[in-house]
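For reference, the chains in residue letters:
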Amino acid sequence: MITPTPLMRLVTGFWSFKTFATAVELDLFTRLADGRTATVQEIADELGIAERPADLLLTACASLDLLERAGDGYRNTQLAEEFLVVGRPYYFGGQVRYCNERTYLPWHRVDQALRDNKPVTWDPQAQESLFTTADPVMLELFWEAMYSTSRFTARALAEAYDFSPYQALLDVGGGSGAFPIELCGRHPKLRATILDLPHVCTLADAQIADARLTDNITTVAGDFLTDAPLPAGHDVILLSMILHDWDEATNLAILGRCFDALPSGGAVVICELLLNDDRTGPADAALMGMNMLVETEGGRNYSGAEYRDWLARTGFTDIRVVPFDAPGANGAVVGRRP
């Protein structure tokens, strides 16, 4: 018998997110790191709250598979221990904090974004783009979120697609360096250049230094939309979670500049949450498209078929889709310059 239970889960989806985000903000999972088990009263005392809310929080986190019971206490599940403890290589808390602080309330005005076809997380009349802001706290949150999502996505891409034949990678709009750090860490002979805005390069330089990869990775300050040409001397160009920010015309222009910058035999790798070809899902790609409505002026998520078509129109050949599973992407579309 069909029931409205699935609809109820959609209605209450924000309960799960806000419970999860609050636990991250309270450093709950970091407090329980390395196999520690704590009782409700111990957590209540550490958080400075009463026993009742502590009990409700721990129970809810257990229901979300973030905690598990151990005797009379709770401990992290493997998922939480791996990704929600501060300091872990693939710490995901940055993305959680960003969505909680930056996008949760603006999403309450998604109907306005639908009517106006304009972003609601920033004002295009007062700010040059989503990626520039005078608010240092929001800037830090944004790039921390991008790094925490990108680092594991880079790992998944590296396992699905072989970068060992390449000598030099150009990461266009590479942010704070998650992809080059992961890829150069796996392939010591690979050299990488990150092209991004000046203030972003400063953040990337710090991450590169922390990873002890300054001999492998460099940054170039610039705007890939307006500066011409793209830096030369690379045999593979990465566009990771970049093209969903822009409309078709802009993306064709970006791909054309990538084509011009590559040597014969060089490759472009588009890493994204891809819609299926009939644009009915998957949900993570389709809902990211809705987030592009909330956060960008012209962005949307595209299908693998659309990217294949754009690459072919730009002149690329040997085009294929490489599927994988990661928080920031479910596949890569790869094309070669003949």
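Report on the accompanying structure. What you see is a predicted model; the values in this text were computed from it and never measured.

Attention shifts here to the overall build of the protein chain. The secondary structure content of the protein chain amounts to 14 helices and nine strands. Relative to the 2.2 N^0.38 estimate, which gives 20 Å for 338 residues, the radius of gyration of the protein chain is 21 Å and therefore close to what a compact globule would have. Summarising its shape, the C-alpha atoms of the protein chain cover approximately 65 × 50 × 45 Å along the three principal directions. The long-range fraction of contacts in the protein chain, counting pairs at least 24 apart against all pairs at least 6 apart in sequence, stands at 70%. As displayed, the protein chain offers around 16200 Å² of accessible surface, 55% of which is attributable to carbon and sulfur atoms. The protein chain carries 27 positive and 46 negative side-chain charges, and their two centres are separated by 3 Å.

What follows covers the environment of Leu262. Among the secondary structure elements, Leu262 is positioned in the loop between helix H12 (248–261) and strand E7 (267–272). For Leu262, a relative accessible area of 4% gives the class buried. Considering only alpha carbons, one finds Leu262 and Gly281, 19 residues apart in sequence, at a separation of 33 Å. Not counting residues up to four positions away in its chain, the partners in contact with Leu262 are His234, Asp235, Val236, Ile237, Ala267, Val268, Phe316 and Arg337.

Residues Met8, Val11, Phe14 and Trp15 make up a contiguous nonpolar surface patch of about 450 Å² in total accessible area. For the nonpolar patch, the elements supplying multiple residues, two or more each, are helix H1 (5–11) and helix H2 (13–25).

Our next topic: helix H10 (residues 178–186). Because the α-helix completes a turn every 3.6 residues, residues three or four places apart line up on one side. Summarising burial for H10: seven of the nine residues are buried, a large majority. If you check which residues of H10 are buried, you get Ala178, Phe179, Pro180, Ile181, Glu182, Leu183 and Cys184.

Each neighbour pair has its own omega, and for Ala228 with Pro229 the value is -10°, a cis peptide bond. Structurally, Pro229 is set in the loop between strand E5 (217–221) and strand E6 (236–240). Looking along the chain, the bond that leaves Gly281 and enters Pro282 is cis, with omega of -5°. Within the fold, Pro282 resides in the loop between E7 and helix H13 (283–295). A positive phi angle is found at Asp65, which is not glycine, with a value near 65°. Relative to the assigned elements, Asp65 resides in the loop between helix H5 (51–63) and strand E1 (67–70). Looking at Asp65, the relative accessible area reads 53%, which means it is exposed.

Simply put, disulfide is the name for a covalent bond between the sulfur atoms of two cysteines. Across all of its chains, the model carries zero disulfides by this definition. Lacking any disulfide linkage, Cys61 is separated from the closest cysteine sulfur, that of Cys99, by 17 Å. Among the residues examined, Cys61 registers a relative accessible area of 0% and is labelled buried. The structure places no disulfide on Cys184, whose sulfur is separated from the nearest cysteine sulfur, that of Cys201, by 15 Å.

This part covers H2. The end-to-end C-alpha separation of H2 is 19 Å, in line with the 18 Å expected for 13 residues at 1.5 Å each. Within H2 the residues assigned to the buried category are Phe20, Ala21, Ala23 and Val24. Viewed end-on, H2 has its buried residues packed into an arc of 160°, placing them on one side of the element. Residues of H2 that are buried in the fold lie against helix H3 (28–31), H5 and helix H7 (93–103).

For the rest of this paragraph, the subject is the sheet that holds strand E4 (residues 191–196). Strand order in the open sheet formed by seven strands is E5-E4-E3-E6-E7-E9-E8, with mixed pairing between adjacent strands. Single-partner strands in this sheet number two, and they are E5 and strand E8 (317–323). On average, adjacent strands in this sheet sit at an angle of 20° to one another, irrespective of strand direction. Where E4 lies against E5, five bridges are found, and the strand directions are parallel. The residue bridging Thr193 from the neighbouring strand is Thr218, located in E5. Across the sheet, helix H11 (residues 198–210) lies against E4 and E5, angled at about 170° from E5, the strand it touches most. Here helix H14 (residues 304–314) sits on the sheet and contacts E7, E8 and strand E9 (331–336); the angle it forms with E9, its principal contact strand, is near 15°.

Okay, the side chain of His244 next. Looking at the element boundaries, His244 is found in the loop between E6 and H12. Given a relative accessible area of 7%, His244 falls into the buried group. A distance of 3.5 Å separates the side chain of His244 from the side chain of Asp245, its partner in a polar contact. Beyond its immediate sequence surroundings of up to four residues, His244 is in contact with Glu272, Met288, Met292, Gly299, Arg300, Asn301, Tyr302 and Tyr307.

We now examine the packing of H12 against H14. The contact between H12 and H14 brings their axes to 9 Å, and the two run at 50°. The angle between H12 and H14 falls in the class oblique. Here H12 and H14 pass one another in a crossing that is right-handed. Contacts between H12 and H14 involve Glu248, Asn251, Leu252, Leu255, Gly256 and Phe259 on the former and, on the latter, Trp310, Leu311, Arg313 and Thr314. A breakdown of the residues in the contact of H12 with H14 according to their chemical character gives five nonpolar, three polar and two charged.

Calculation rules
- Think of each chain on its own: its residues are numbered from 1, step by step along the sequence as written.
- Residues qualify for local features only when their pLDDT is at least 70, as the model is predicted, and side-chain atom pairs are given and counted only at 80 or more; totals for whole chains, interfaces and linings, by contrast, use all residues.
- To obtain the side-chain values, all non-hydrogen atoms of the structure were included, while hydrogens and water were left out.
- Labels follow the DSSP assignment, with helices taken as runs of H or I lasting at least four residues and strands as runs of E lasting at least two, numbered in each case from the N terminus.
- A radius of gyration in this sense is built from C-alpha atoms; the matching globule rule multiplies 2.2 Å by the number of residues raised to 0.38.
- When checking whether two residues touch, look at their non-hydrogen atoms; a contact exists if any pair is within 4.5 Å.
- Areas reported here follow the Shrake-Rupley algorithm with a probe of radius 1.4 Å; residue values treat only the protein chains shown as occluding.
- Residues scored as positive are Lys and Arg, those scored as negative are Asp and Glu, and His as well as the terminal groups of each chain are ignored.
- Lysine's charge is taken at NZ, arginine's at CZ, aspartate's at CG and glutamate's at CD.
- In this scheme, a residue with accessible area under 20% of its type's maximum is buried, one over 50% is exposed, and one in between is partly exposed, where area comes from a 1.4 Å probe on protein chains only.
- Residues enter patches when they are more than 30% accessible in relative terms and free of salt bridges; like-charged ones are connected within 9 Å and nonpolar ones (Val, Leu, Ile, Met, Phe, Trp, Tyr) within 5 Å.
- One speaks of a salt bridge when a side-chain nitrogen belonging to Lys or Arg is within 4 Å of a carboxyl oxygen belonging to Asp or Glu.
- Throughout, disulfides are identified as pairs of cysteine sulfur atoms within 2.5 Å of each other.
- Residue count minus one, scaled by 1.5 Å, sets the expected span of a helix.
- Picture the helix axis, draw a direction to every C-beta atom, and the arc is the one those directions span.
- One bridge is not enough; two strands pair if DSSP finds at least two bridges between them.
- Here, axes are lines fitted to C-alpha atoms. For helices the fit covers the stretch in contact, and angles between N-to-C directions go from 0 to 180 degrees.
- Each polar contact in these results corresponds to two N or O atoms within 3.5 Å; when the atoms are within protein, one needs to be able to donate a hydrogen and the other to accept it, and residues that are neighboring in sequence are counted only if both atoms are side-chain atoms.
- By definition in this entry, angles of less than 35 degrees are roughly parallel, angles greater than 145 are roughly antiparallel, angles of 65 to 115 are roughly perpendicular, and the rest are oblique.
- The handedness criterion is simple: a crossing whose near helix is rotated anticlockwise from the far helix by less than a right angle is left-handed, and one whose near helix is rotated clockwise is right-handed.
- Residue type decides the class: Asp, Glu, Lys and Arg count as charged, Ala, Val, Leu, Ile, Met, Phe, Trp, Tyr, Cys and Pro as nonpolar, and the leftover types, Gly among them, as polar.

Everything listed here is a matter of coordinates, which is why it stays silent on function.
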